Every structure is written in C-alpha cells, then in structure tokens.
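Structural overview
Take a look at the letters that make up each chain.
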Amino acid sequence: MSIGSTMADMRLPVLAISNPLFYAVQLTLRPDMPATKPKPTTPARANKLEDKLARLGLRSDMDLVLHLPMRYEDETQVTPIREAGFMIGNPVQVEGVVTSCEVQFRPRRQLVVTIEDESGPLVMRFLNFYGSQTKQLATGTRVRARGEVRHGFFGEEMVHPAYKVILEGAPLPTVLTPVYPAGEGLSQTLLRKAIAAAMARIDWRDTLPESLRASLKLWMFEAAVRLLHNPPPEVDEAALEDRSHPAWVRMKFDELLAQQLSLKRAQVARRAKTATALPVIGELSSAFLKTLPFALTAAQERVLSEIRADLRASFPMQRLLQGDVGSGKTVIAALAAAQAIDSGYQAVLMAPTEILADQHFRKIAAWMEPLGVKVAWLTGSLKKKEKTEAQARIESGDAQLVIGTHALIQEGVQFARLGLVIVDEQHRFGVEQRLTLRNKGLEMSAALDSANTVPHQLMMSATPIPRTLAMTYYADLEVSVIDELPPGRTPVITRVIDQNRRDEVIERVHAAALEGRQVYWVCPLIEESEALQLQTATDTYATLAEALPDLRIGLVHGRLKATEKQQVMDAFTRGEIHLLVATTVIEVGVDVSNASLMVIEHAERFGLSQLHQLRGRVGRGSAASVCVLLYQSPLGPTAKQRLATMRETTDGFEIARRDLEIRGPGEFLGARQSGQALLRFADLETDQWLVEKARTIAQTLLREDPATVQKHLARWLGAREDFLKV
Ligand code: ADP
Ligand code: MG
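Our subject in this report is the structure included herewith.

Some thoughts on the packing of aromatic side chains
Taken as a whole, this structure holds 7 aromatic pairs when the rule is applied. Of note, Arg243 hangs over the ring of Trp248, and the distance from its end group to the ring centre comes to 4.1 Å. A cation over a ring is seen here: Arg715 above Phe221, with NZ or CZ 4.1 Å from the ring centre.

Here's what the structure looks like:
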C-alpha cells in the first residue's frame with residue numbers, strides 16, 4: 001500500500017449509532033464467523049455470572065485469562081493515620097478501630113465514621129451508603145481503609161474509601177492486588193475467582209516457537225500471564241504501571257501479532273474471492289468526462305487510473321481514497337460508478353448524513369441523468385411507499401446508481417447486480433458501521449449471486465491515517481491519495497477573534513452579505529447535551545435575526561426533518577438565504593461554492609479535524625474566503641494550540657499531524673466512543689517498534705509456519721477477529 005510519510009492521525013468523530021443492536025445482530029450473522037456454541041443450561045445463579053462476564057466479552061476460559069489488570073493496588077502496607085495526613089492526594093491504606101459511626105443530615109444525608117489508630121483519628125465519609133453499613137461499621141469494629149486523604153472541615157478525612165472489616169492482626173497481602181476492568185454488578189472478588197478458575201483449566205502451551213521467542217527475548221506466555229495476574233512482591237511496579245515490563249511486552253507482542261496475522265489473512269482471503277470484473281470504460285465514462293465543467297487535476301487523474309485498474313480485476317478492490325477537504329473526491333466516485341455502469345453493473349454510494357447524501361444525489365443525478373443513467377435515492381426518512389418503490393427499482397436492476405445514507409444497509413436492500421460499493425466520509429461512520437460496511441458487500445451479493453462474487457469497494461475519507469494506523473487497522477487496504485486541490489482556489493484566511501468582539505463580527509457579516517457573499521454561522525458545540533445544543537442554535541438564530549433584520553437568515557440543525565433540512569439547504573444553495581445559522585450538521589461534505597465567510601462560535605470547543613472540516617465549507621469558489629474563529633477567553637493551552645494551528649495552515653495533512661501531536665493517537669478510529677476496544681494492550685504510539693516487529697514476523701509465519709499461525713490466532717482472537725479489521 002502506498003501511504004505518504006506526511007500522514008498523521010486525526011480525531012475521528014463518530015456518528016452516533018442509531019441502533020447498536022442492529023449492528024450487533026449483523027455481526028453475529030456473518031457467515032464466516034463461528035457462532036458461539038450454546039452453553040449447556042446451568043443453574044440460574046451461574047448463568048447470571050456468565051451473563052455478566054459475557055457483557056465484558058469474557059466468554060471462554062482464555063478470554064478470562066487474557067482479561068488482564070488495568071492497574072494494581074498496593075495493600076501490602078499500612079500507613080499510620082497521622083502520617084497519611086501528610087500524603088494528601090496519594091492513595092494510602094490505613095487501619096483503625098471505629099470510635100463513632102453516625103448518619104448526619106447536614107449539609108446532606110451522609111454516613112460519617114471516625115476511626116482511630118495510635119497516631120490519631122480519621123473520618124470516613126460516605127455520601128451514598130446502605131443502611132446496613134451503620135451496623136457493619138459499629139463502634140469497636142476494626143477496618144482497613146484505602147483512599148486519598150484530604151483536609152476536611154474537621155480534620156483529615158477520606159471520602160468513599162474502599163474498606164474491609166478485619167480482625168486484629170489479620171495478615172497483610174504480600175503481593176500487589178490486581179484491579180480488573182469490571183462491569184456492573186461484577187465485583188473484583190468475583191472476577192478474581194473466575195480468572196483463577198480459568199487459569200487452572202486452560203492449555204498453557206506457548207503459541208510461539210522457542211526460536212522466535214529467543215530472537216525477540218520474549219517471555220514465555222505462561223510466565224507473563226501469571227506475573228500480570230499475581231505480581232510477586234519484588235516486582236518492578238513502575239514497569240508494570242507503564243507497561244514496559246517484559247510480561248506486558250509479551251502480551252502486547254502477541255496481540256499485535258494476532259492482529260497482523262488476521263489482517264494479512266483477510267487480505268489473502270479477499271484476493272482469493274471473485275469479484276465481478278468491471279472492465280468497460282465506455283460511453284458513459286467518456287460522455288461524463290466531457291460534460292464536466294472542469295478538467296481533472298493530475299492527482300485526480302492518478303487516483304482515477306489506480307481505481308480503474310482495480311475495478312478491472314476479478315478480485316474485489318478494497319481501496320481507501322484519501323484527499324483533503326475540497327480536493328474533489330466526489331467526481332472520482334462518480335467516475336468509478338460510471339465504470340461499473342458501463343460494464344453493466346449497479347453501483348451504490350453511501351454517505352453518513354442525510355444532508356450529504358442528498359447533496360450527492362442532486363449533484364450526481366444532475367451530472368448523470370442527462371446521460372441516461374437511472375439514479376435511485378434511499379434514506380431512512382423516506383416514506384414507506386417511496387422506500388418500497390426505490391427498493392423495487394434497485395432489486396429489479398432498473399436503478400443503475402443508488403445513493404443514500406446507511407439506511408441502505410439497515411433496510412436490507414437487495415441488489416440485482418451490485419458491482420461497486422462506495423462509502424463517502426467513511427471515518428464518520430461508527431466502528432461497527434464501518435465493519436458492517438466492509439462486510440456488507442459480501443452479504444449483499446452472496447445471498448443472490450450463485451457465483452459467489454463480491455462487489456468492489458471504494459472508501460473515501462478526508463482524514464489522513466497515521467503510519468502506525470496504516471500499518472495496523474488499514475493494513476489490508478490499498479490507499480490512494482489526492483494530494484492537490486483544484487486550481488483557482490484562494491486559500492481561506494483564518495482570523496481568531498475574542499468573543500467580546502462579536503458585535504464587530506456581526507457587522508462584518510452584514511457588510512459581506514450586502515456584497516452578495518453568503519455566510520455560515522456555526523453554533524457552539526455542546527457535547528454534553530443535544531437539547532442544549534439545539535437551544536443554543538435556536539437562540540443564536542434569534543439574536544442574529546434581531547441584529548440583522550435586513551438579511552434573510554436560515555437555520556439548520558440535526559433535529560429538523562430531512563425535508564426541512566433540504567428546503568433550507570436548497571434555499572441557501574440558490575442564494576435565497578444570506579446567512580445560514582447551523583450546527584455541525586454542515587460539517588461533512590456540504591458544498592455551496594458561493595459561501596465565502598464562516599463564523600464559528602466558541603471555536604475553542606471544537607477539535608482540530610472538526611474545525612478543518614467546517615472551514616472546508618468555504619473557499620470552494622473563486623472568491624477569497626474568510627473563516628472567523630470566535631473564542632471565549634481564557635483559553636487553555638491545547639485550545640490555544642489548536643486555534644494557532646488553524647490560523648497557520650489550511651493543509652489537512654499538516655493539521656492532522658499537529659492534531660496527533662497535541663492529542664496523541666488515543667482516540668483514533670472512534671474506538672473509545674463506541675466502547676469497543678480494538679487493541680487492548682498495545683499502544684500504537686509507544687509500541688511502534690513492536691508493531692513493526694509483529695508485521696515482519698507475521699509475514700514470515702504466514703509463509704513458513706501455518707501451524708503457529710493457526711494456534712496463535714485461535715488463542716488470541718476467537719470471535720474478536722472481526723474487530724481488528726475495521
Ligand atoms: P471533497 O474531496 O471534499 O469531497 P468535493 O468532491 O466536494 O470535495 O469537491 C469540491 C468542489 O470542487 C466541488 O464543487 C467539485 O465540483 C469541485 N471540483 C472537483 N474537482 C475539480 C477540478 N478538477 N477542478 C475544479 N473543480 C473541481
Ligand atoms: Mg466529499
């Protein structure tokens with residue numbers, strides 16, 4: 001794959017998944033994914049534990065054994081209470097006897113327990129408590145409590161410490177206590193027991209041959225796992241903490257190796273599948289190119305020829321088309337679709353939002369319908385009757401090009417002859433959705449095509465992937481890059497302005513509108529509450545309408561009905577609205593070339609990639625465009641850096657690189673938001689050297705040692721394999 005060295009990570013905001021269950025069901029339906037065997041019925045209590053474990057993804061003994069502690073607690077020491085008072089902010093363990101225990105009602109209901117040792121008293125304060133705790137902590141009871149001490153009104157106290165009732169002289173643990181990621185209703189004790197039981201049952205044999213372990217100085221699997229669950233007293237705690245301990249290294253290497261093996265295998269398997277060759281670049285393709293009002297840029301020409309070559313092959317293309325905002329990916333998508341249609345097949349184009357899908361539909365229909373192409377439109381918001389009609393046209397093969405939102409997958413649409421699936425702004429789809437999309441091609445056609453061919457896939461994204469990601473999650477994709485903008489664009493000038501100069505900005509908006517320029521006004525992002533966000537948008541609209549009575553002002557936000565959104569966007573496109581007040585619904589892909597001024601309120605709340613995407617909505621025509629970033633001072637250091645970056649550069653790749661620098665790659669792929677851990681142990685930033693090792697070794701193993709590959713994948717992936725491929 002060809003990845004420029006300039007690429008870097010960006011934040012990938014994730015679209016809320018409207019119905020997570022749907023995707024979960026889809027995933028379990030994958031034909032090549034082994035269904036989990038139904039467990040024999042066991043008594044209700046055991047079942048409940050099983051369910052709780054299953055919710056954490058812990059289904060097999062090996063899952064449990066590989067459920068490693070996220071941290072450790074040191075309960076091997078007891079600190080005298082007086083001394084603990086000098087260790088403010090650090091977790092300590094103290095031991096004492098309860099001298100008073102009472103429920104207080106001021107300032108709010110709480111349980112206040114005083115314990116004492118020879119050195120002094122300490123208050124334990126519980127704002128939430130069970131009635132039974134008053135009995136459990138009756139005067140005279142001896143407890144060990146662990147928490148952070150703070151100076152309270154009445155002296156030293158711990159708020160909500162972890163505590164145990166003990167007998168005098170109870171021995172202290174001699175090893176660090178592991179703390180596991182746990183779920184609701186699943187205590188550490190239960191997890192520890194379940195893990196210990198699983199450890200007694202599994203097959204510990206190492207999956208990696210001795211020679212390989214020796215060459216990388218890797219620990220044995222068993223030794224590593226046992227140490228991590230039960231670290232001995234003399235263990236290097238810092239190395240455990242930062243996961244540089246050889247035991248962690250072994251785990252991380254194993255995980256990365258499994259990922260590489262699985263990706264490479266997927267790639268080989270994909271190449272072994274048959275796709276419909278789409279060899280004809282015929283009348284439609286050439287007529288389309290002729291009617292385009294512009295010539296393709298050199299970069300567009302290059303990626304087009306890469307895609308064209310892929311489409312001719314009889315194994316499925318899986319290509320990611322990257323290009324900065326405004327680089328002209330849509331026309332490439334349309335040309336790819338034209339090749340499918342020229343070859344007698346259907347193409348489908350999916351976008352993550354209705355506004356974008358709608359815009360694609362209009363634009364591409366306007367290009368293609370005059371050339372005789374039948375285009376169908378399908379989104380979730382269509383009326384039932386319209387949906388049925390569209391589906392019938394798709395099923396019969398009458399519709400040659402289908403454009404819509406991910407409703408296309410949700411509705412379980414059947415295609416007559418699907419040759420090509422195009423996914424726009426693929427990074428905006430959630431992890432599960434991306435997964436479904438990548439697998440969907442298989443399902444869409446497998447069901448109806450006896451030859452078992454799969455469609456080609458083209459994914460598009462304005463978000464560059466960093467090298468490490470490219471080597472991991474995207475290792476089985478081909479990548480094309482449009483690294484040039486169409487000519488004649490004047491770069492957008494970015495101004496960073498304090499919120500207290502808002503009135504001046506409104507004045508400028510006014511002046512610009514009177515000159516015939518169109519303006520976006522982007523409302524503040526309020527991540528915590530959609531309702532509040534909506535309220536803010538409505539308020540902003542009202543104040544601007546009041547301040548600028550002679551302008552025509554529109555409002556568009558996520559809660560509008562699809563048709564209402566369309567009406568507003570249409571009016572804006574036709575130039576009937578001067579000023580469009582919008583939430584981030586306009587972030588992705590919206591293309592109105594006459595818009596040349598954008599104001600973003602509370603720009604400090606947005607992430608870099610989001611600001612870049614938003615700004616990309618202006619500067620699409622020949623007029624010099626301006627983007628005003630209004631901020632509320634004081635600015636934190638990262639917000640400052642972000643705004644400075646926006647002022648200094650308009651290059652998406654550079655912005656991505658800096659974003660990576662500022663944030664680290666922790667939130668890549670939206671994995672965190674979706675709650676689905678992709679890599680559990682390895683960290684792509686700090687473990688890059690391991691990624692590279694795993695990559696080369698995976699290649700060797702696949703070539704020379706299929707038995708090891710098999711063993712290793714069976715241990716590490718089980719049913720998780722799919723998630724490593726998103
Ligand atoms: P993106 O890559 O962000 O999806 P678009 O496909 O929306 O960008 O293209 C941005 C704008 O540039 C569109 O109005 C499109 O018609 C126009 N465009 C695309 N390619 C060219 C070109 N080679 N020359 C001039 N304009 C172009
Ligand atoms: Mg686009």
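A closer look at the side chain of His510
With respect to the helices, strands and loops of the structure, His510 is situated in helix H19 (residues 502-514). When its relative accessible area of 17% is taken as the criterion, His510 is described as buried. Only 2.8 Å separates the side chain of His510 from the side chain of Asp550, close enough to count as a polar contact. Once you skip the residues sitting within four places of it in the chain, His510 turns out to touch Leu548, Asp550 and Leu551.

Topic: the sheet that holds strand S20 (residues 595-600)
Reading across the sheet, the 6 strands line up as S16-S21-S20-S17-S19-S18 and stay open at both edges, with parallel pairing between neighbours. The open sheet has two edge strands, strand S16 (493-498) and strand S18 (553-556), and neither has a second partner. Averaged over neighbouring strand pairs, the angle between their axes works out to 20° when direction is ignored. Note that S20 and strand S21 (residues 626-631) share 4 bridges and pair parallel. By the bridge assignment, Leu597 is partnered in S21 with Val626. Sitting on the sheet, helix H21 (residues 562-573) touches strand S17 (518-522), S18, strand S19 (579-582) and S20, and the angle it makes with S18 is about 140°. The sheet strands contacting helix H23 (residues 637-648) are S16 and S21, and the helix crosses S16 at an angle near 145°.

Considering a negative patch on the surface
On the surface, Asp236, Glu237, Glu241 and Asp242 cluster together to form a negatively charged patch. When you line up the elements, Glu237 lands in helix H9 (residues 237-241).

Let's talk about the sheet that holds strand S9 (residues 318-323)
Two pairing modes exist for strands in a sheet, parallel and antiparallel, and in both the strands are linked by backbone hydrogen bonds. As summarised here, the arrangement of the 7 strands in space is S11-S12-S10-S13-S14-S9-S15, forming an open sheet in which the pairing is parallel. Lying at the two open borders of the sheet, with one neighbouring strand each, are strand S11 (375-378) and strand S15 (478-482). This sheet shows a mean twist of 20° between the axes of neighbouring strands, independent of strand direction. In this structure, strand S13 (residues 418-423) lies alongside strand S14 (residues 456-461), joined through 4 bridges in parallel fashion. Paired with Ile422 across the two strands is Leu458, which belongs to S14. Sheet strands in contact with helix H15 (residues 384-396) are strand S10 (346-350), S11 and strand S12 (401-404), and its direction is about 135° off that of S11.

Analysis parameters
Residues numbered from 1 in each chain as written. Chains lettered and ligands numbered in written order. Predicted model: local features only at pLDDT ≥ 70, side-chain atom pairs only at ≥ 80, totals over all residues. Heavy atoms only, no water. Phe/Tyr/Trp six-rings, centres within 6.5 Å; stacked < 30°, edge-to-face > 60°. Lys NZ or Arg CZ within 6 Å of the ring centre and 35° of its normal. Helix = DSSP H or I, 4+ residues; strand = E, 2+ residues; numbered from the N terminus. Buried < 20%, exposed > 50% of the residue type's maximum accessible area, 1.4 Å probe, protein only. Polar contact = N/O pair within 3.5 Å; in protein donor to acceptor, adjacent residues only side chain to side chain. Contact = heavy atoms within 4.5 Å. Pairing = 2+ DSSP bridges. Axes fitted to C-alpha atoms, helices over the stretch in contact; angles between N-to-C directions. Patch = residues over 30% accessible without salt bridge, like charges linked within 9 Å, V, L, I, M, F, W, Y side chains within 5 Å. Areas by Shrake-Rupley, 256 points an atom, 1.4 Å probe, with all protein chains shown as cover. Salt bridge = Lys/Arg side-chain N within 4 Å of Asp/Glu carboxyl O. Lys, Arg positive; Asp, Glu negative; His and termini not counted. Charge placed at Lys NZ, Arg CZ, Asp CG, Glu CD.

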